[in-house]
Amino acid sequence: NFSLPSTSAASTAPLSSLTTVTRSSRSSVFLSSASSDAFCCSTDPHLFACPQTSMVDYILGVADPIQWHSENLERNRHHYSKWMGRLGPSAINWVAYGIGVGVHFNPFVEWKDKMIKYGVVQMHDLAMDVLTWDRFYLSGRLQKPVQVLIDNWDIQKVNLINLKAATSASLLLLPAKFSEEDLYAKICSLSYMGDLRMLFAEDKNKVKNIVRGSFTSFQSMYKPSLQEFAAEGLLQIPSAGHEFEQDCGLSATRNHFFSLPWTIQRRLGMKHEIDGSGMTLPQTTITSRELAANRVTKALRRLVMISSARQAMSGLAATGGVAAARYLARKISKAWKSRMS
C-alpha cells in the first residue's frame, strides 16, 4: 500500500490513492480526500477488456506539480528513478516541461498485485490542451473512454468541446457513408497520427481493440455531438445495422473545419477578421473537402509527431535507461505478437 499527496497545492493531507480495485469492474478505483482543484482518471486503453497483466495508466491533475512531487518524494521516493529523486521536484518539473509536454510519468509502480503508471500534470495545462489541442496529448487521451475518479474542475463538461471537435475532424476524414465502428475508429486514431511508436512499438490492432472493447462507452460519449450534427442536417443517424450518411458539401465541410480548435486553424495558416460587431470570423479559404481533409491530416500528424517524440524523450530522461528499456521492450513485445498473429 502507498499514499499519494493531495492534488491541492494548499492541502498537505494525505491522499489515500488507488485504494481498491473490484474484480467486477476491473477499474473501479477510488481516491479520497480530494481538494476542490483535483482531477484524476484511469486511461487504461482496454478499460473493459483488460488482461490482469496490463499496466493501467492514471492521470492526476494537480494545482502545483512542484509541491506535489515534493510531497510525493517524501512518501514514495521509490516511484522515481534514483537520479530524479536526487535532483528533486524542480528538476522533475523541468524535464516534464522543458523536454516533454508537461506530464511526468512514474511507470512500473506495483500496487494491489497490479502494475500501474501514473502521470502528473498541472490542471491549467490539462484544461488548455482539452480546449485548444495546443499539445494534443491529454486531449487525445480524453477523446477515448476513461474512468473518471475525481473531477472537481468539471473537466468532463469542458471535454464535451474536445469530443465535438474530434467528431468534426473525423467526419472530415470519413467518406459519405460509414459504419458506427468506422466513426469511433477514426476518432480513436486521431491521436495516433504521426506517432512513431505505431510503426514498431504498438499493437497493430490497438485502435480496433480499443473501439471493440469500449464500444458502448464510445456511444454514450459521442451521442450528444452526433445528435447535434444530425439536428443541423449535417449527419443522418441510422437505425441499428445501417450506415451513417453525412453531408459532404462545401458548406458542411466548412462547418466542420471551423469547429476545430483555434490552435489547429492557426497551424493551418487560417486568417481571421473582425466584423462590425467586434466578432472574430475566419476567412474562408476552404475550396474543397479534399483540401480540408488534407490540411487537417497534416496538422494532426505534425502535432502528434512532435508531442509523442517530446514525451518519449522526457520519459527516457525521467525514468532512466533501465526503466525506459524495460518499458520499450514490453511495448515492442506486444507489437511483435500482434504482427505475428
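Above this text you will find the structure in question.
Now for a look at the structure at hand.

Calculation notes
Sequence positions are assigned chain by chain, starting from 1 and proceeding in written order. For a predicted model such as this one, the threshold for reporting local features is a pLDDT of at least 70, and the threshold for listing and counting side-chain atom pairs is 80 or more; totals across whole chains, interfaces and linings nevertheless cover every residue. Side-chain metrics in this entry use all non-hydrogen atoms of the structure; hydrogen atoms and water are not considered. Salt bridge, as used here, is a side-chain nitrogen of Lys or Arg placed within 4 Å of a carboxyl oxygen of Asp or Glu. Only DSSP runs of H or I covering at least 4 residues are called helices, and only runs of E covering at least 2 are called strands; the numbering of each starts at the N terminus. Each residue gets one of three labels from its accessible area relative to the maximum for its type: buried under 20%, exposed over 50%, partly exposed in between, using a 1.4 Å probe on protein chains only. Criterion used throughout: strands pair if DSSP finds at least two bridges between them. Axes here mean lines fitted to C-alpha atoms, for a helix over just the part in contact, with angles spanning 0 to 180 degrees between N-to-C directions. Roughly parallel covers angles under 35 degrees, roughly antiparallel covers those over 145, roughly perpendicular covers 65 to 115, and oblique covers all other angles. Every residue pair with non-hydrogen atoms within 4.5 Å of one another is taken to be in contact. Basically, the charged four are Asp, Glu, Lys and Arg, the nonpolar ten are Ala, Val, Leu, Ile, Met, Phe, Trp, Tyr, Cys and Pro, and anything else, Gly included, counts as polar.

### Examining the pattern of salt bridges
Side-chain pairing between opposite charges can occur once the charged atoms of the two side chains come close.
Here comes step 1: One pass over the structure, following the stated rule, counts four salt bridges.
Here comes step 2: Across the salt bridge formed by Arg141 and Asp57, the nearest N and O atoms sit 3.5 Å from each other. With Arg141 in helix α5 (residues 138–141) and Asp57 in strand β4 (residues 56–62), this pair connects stretches of sequence that are 84 residues apart.
Here comes step 3: Its salt-bridge partner being Lys164, residue Glu228 comes within 2.5 Å of it at the nearest N-O pair. You can see Glu228 sitting in helix α10 (residues 215–231) and its partner Lys164 sitting in helix α6 (residues 155–173), a full 64 residues away along the chain.

### Re the environment of Pro5
Here comes step 1: Its location among the elements puts Pro5 in strand β1 (residues 4–5).
Here comes step 2: The class for Pro5 is buried, based on a relative accessible area of 0%.

### A word on the pairing of strand β5 (residues 104–111)
Here comes step 1: In terms of residue burial, β5 counts as a mostly covered element, since seven of its eight residues are buried.
Here comes step 2: Relative to strand β6 (residues 114–122), β5 is paired through six bridges, and the arrangement is antiparallel. Bridged to Asn106 within β6 is Tyr118.
Here comes step 3: In textbook terms, the turn of a hairpin is the stretch between consecutive antiparallel strands, and for β5 and β6 this stretch comprises two residues, one of which, Lys112, has a positive phi near 50 degrees.

### Notes on the sheet that holds β4
Here comes step 1: Read from one edge to the other, the open sheet built from five strands follows the order β5-β6-β4-β3-β7, with strand pairing classed as mixed. The open sheet has two edge strands with one neighbour each: β5 and β7 (147–151). For this sheet, the mean inter-axis angle between neighbouring strands, taken without regard to orientation, is 20 degrees.
Here comes step 2: In this sheet, β4 lies alongside strand β3 (residues 39–42) in antiparallel orientation, the contact comprising four bridges. Note on β4: the bridge partner recorded for Phe39 is Gly61.

### Things to note about the packing of helix α4 (residues 123–132) against α6
Here comes step 1: Closest axis-to-axis distance for the α4/α6 pair is 8 Å, and the angle between their directions is 30 degrees. With respect to α6, the axis of α4 lies roughly parallel. Listed contacts from α6 to Met123, Leu126, Ala127, Val130 and Leu131 of α4 are Ile155, Val158, Asn159, Ile161 and Asn162.
Here comes step 2: Tallied by class, the residues present in the contact of α4 with α6 amount to eight nonpolar, two polar and no charged.

### A closer look at the pairing of β6
Working note: regular strand, side chains alternate between the two faces of the sheet.
Here comes step 1: For β6, the buried fraction is high: eight of the nine residues fall into the buried class.
Here comes step 2: Pairing geometry for β4 and β6, over seven bridges, is parallel. Bridge assignment links Val62 to a residue of β6, and that residue is Gln122.

### Quick word on unusual backbone geometry
Here comes step 1: One non-glycine residue, Trp133, lies in the positive phi region at around 60 degrees.
Here comes step 2: Looking at the element boundaries, Trp133 is found in the loop between α4 and α5.
Here comes step 3: If you check the backbone angles, Asp154 has positive phi at about 55 degrees while not being a glycine.
Here comes step 4: The residue Asp154 is located in the loop between β7 and α6 in this model.
Here comes step 5: For Asp154, a relative accessible area of 40% puts it in the partly exposed group.

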